[in-house]
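Take a look at the letters that make up each chain.
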Amino acid sequence: MSANLPRLRFAPSPNGLLHLGHAYSALFTWQAAERLGASTLLRIEDIDIERCKPEYDAAILRDLAWLGLEWPEPVWRQSLRFEHYRAAAAELNAHQLLYPCFCSRRIIAAHARGTDPDGAPLYSGTCRHLSPRECADRLERGEPVQYRLDMERALALTGPLTFTLVGPSVLDRPQIRYAQPQRWGDVVLQRKETPTSYHLSVVVDDAAQAITHVTRGRDMEAATDIHVLLQFLLGLPSPIYNFHNLIRDQSGAKLAKSKGSPSLASLRESGWTPEKVRAQLGLA
Ligand code: GLU
């Protein structure tokens, strides 16, 4: 695998059926890859073992094939790669950058110091200064635990961080942007129910798959702060980032599985063709 060849990826989570927003992201990515003479890999982000389902995984493959999209390499599934995420977490832990947090959602919300860029409560650091003895006792008692990044310690190692942004087209001139990881506070890198988190696994896998360009929706732009920080701490290369527009419904809201946006499968059943999807999304 040559590091110089452009490689893109599409990385859906199989926790529901794909809708037009996903179709836009997929078609945008394959189109960007075509412009760069690159391949697009398919990575199923199924770390959330409770919400991800095999039937949604199968539906993703069906929907993408229906749209006429192909991926030249075998599909990666994150649920088969937990050992790699554990190894990355162990590396951070070896530099004392992780700490166990036993707080419930209720406690986190009650002590929050404002919100992070996603609007979630910003962790106040309640568990950051627990003694090693107390941590050991609580772990031994089997208390549910998640592991957080000590943001202050991490930033003391990095200095200012930047990333390369390109867009709206992947062929536009790249620009350098400053990342602002501090606005996320002590993010969770290993969740209670899975030995990783979106941020940790995405960074590990983008590097493992030698991804050169990450194309994703604008709603994920702020998360790049954390990804760039983790890349620095883990000694991984940083891809070029491109953030595409989001597809919205008539009320202006972002399409979402949780809001019952129509699935591609239901549009297909009601007679939509891949050409109609492309035309609707302005990607014909
Ligand atoms: N798995 C994420 C999602 O379905 C996308 C991750 C990414 O593109 O980095 O929203």
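Coordinates for the structure precede this section.
Residues numbered from 1 in each chain as written. Predicted model: local features only at pLDDT ≥ 70, side-chain atom pairs only at ≥ 80, totals over all residues. Heavy atoms only, no water.

A. The arrangement of the packing of helix α3 (residues 82-94) against helix α8 (residues 224-234) in detail. For the pair α3 and α8, interaxial distance at closest approach is 10 Å and the crossing angle is 75 degrees. Our classification of the angle between α3 and α8 gives roughly perpendicular. Seen from α3, the contacting residues are A88, E91 and L92; seen from α8, they are L230, L233 and L234. Taken together, the residues of the contact of α3 with α8 sort by class into five nonpolar, no polar and one charged. (Axes fitted to C-alpha atoms, helices over the stretch in contact; angles between N-to-C directions. Helix = DSSP H or I, 4+ residues; strand = E, 2+ residues; numbered from the N terminus. Parallel < 35°, antiparallel > 145°, perpendicular 65-115°, else oblique. Contact = heavy atoms within 4.5 Å. Nonpolar A, V, L, I, M, F, W, Y, C, P; charged D, E, K, R; others polar.)

B. Inspection of the site of the ligand at higher detail. In the region of the ligand, the neighbouring residues are R9, A11, P12, S13, E45, Y198, V202, R216 and M220. A11 places a polar main-chain atom, nitrogen or oxygen, 2.7 Å from a nitrogen atom of the ligand. Among the residues forming the shell around the ligand, the class breakdown is five nonpolar, one polar and three charged. (Near = heavy atom within 4 Å. Polar contact = N/O pair within 3.5 Å; in protein donor to acceptor, adjacent residues only side chain to side chain.)

C. Region of interest: the packing of α3 against helix α7 (residues 198-208). Where α3 contacts α7, the axes come no closer than 10 Å and their chain directions differ by 105 degrees. On the basis of the axis angle, α3 is roughly perpendicular to α7. Contacts from H84, Y85, A88, A89 and L92 in α3 reach L200, S201, V204 and D205 in α7. In the contact of α3 with α7, the residues fall into six nonpolar, two polar and one charged.

D. Structural view of the pattern of salt bridges. Applying the stated criterion to the full structure yields 18 salt bridges. D206 is the partner of R43 in a salt bridge, and the nearest nitrogen-oxygen pair spans 2.9 Å. Linking R43 in strand β2 (residues 39-44) with D206 in helix α7, this pair joins segments that are 163 residues apart in sequence. (Salt bridge = Lys/Arg side-chain N within 4 Å of Asp/Glu carboxyl O.)

E. The sheet that holds strand β5 (residues 146-149), seen in detail. Ordered by their spatial adjacency, three strands build an open sheet running β4-β5-β8, and the pairing between neighbours is antiparallel. Each of the sheet's edge strands pairs with one partner strand only, and the pair in question is β4 (98-101) and β8 (188-190). Geometrically, the sheet is characterised by an average inter-axis angle of 45 degrees between neighbouring strands, direction not taken into account. As paired elements, β4 and β5 share four bridges and run antiparallel to each other. Among the inter-strand pairings, P100 is bridged to a residue of β5, identified as Y147. (Pairing = 2+ DSSP bridges.)

F. Just unusual backbone geometry, in detail. Residue G167 is joined to P168 through a cis peptide bond whose omega torsion reads 5 degrees. By the element assignment, P168 lies in the loop between β6 (162-165) and β7 (175-178). Although it is not a glycine, Q96 adopts a positive phi angle of roughly 55 degrees. Here Q96 lies in the loop between α3 and β4.

G. Expanded view of α8. With ten of eleven residues buried, α8 lies mostly within the body of the structure. Within α8, burial applies to T224, D225, I226, H227, V228, L229, L230, Q231, L233 and L234. At the exit of α8 stands G235, carrying a positive phi of roughly 65 degrees. (Buried < 20%, exposed > 50% of the residue type's maximum accessible area, 1.4 Å probe, protein only.)

H. Structural context of the state of the cysteines. Enumeration over the complete set of coordinates arrives at zero disulfides. Cysteine C103 remains unbridged, with the sulfur of C127 as its closest cysteine sulfur at 3.7 Å. A residue is classified by how much of its surface remains accessible, and C103, at 6% relative accessible area, is buried. Here C135 is not cross-linked by a disulfide; its sulfur's nearest cysteine counterpart is in C127, at 7.3 Å. (Disulfide = S-S within 2.5 Å.)

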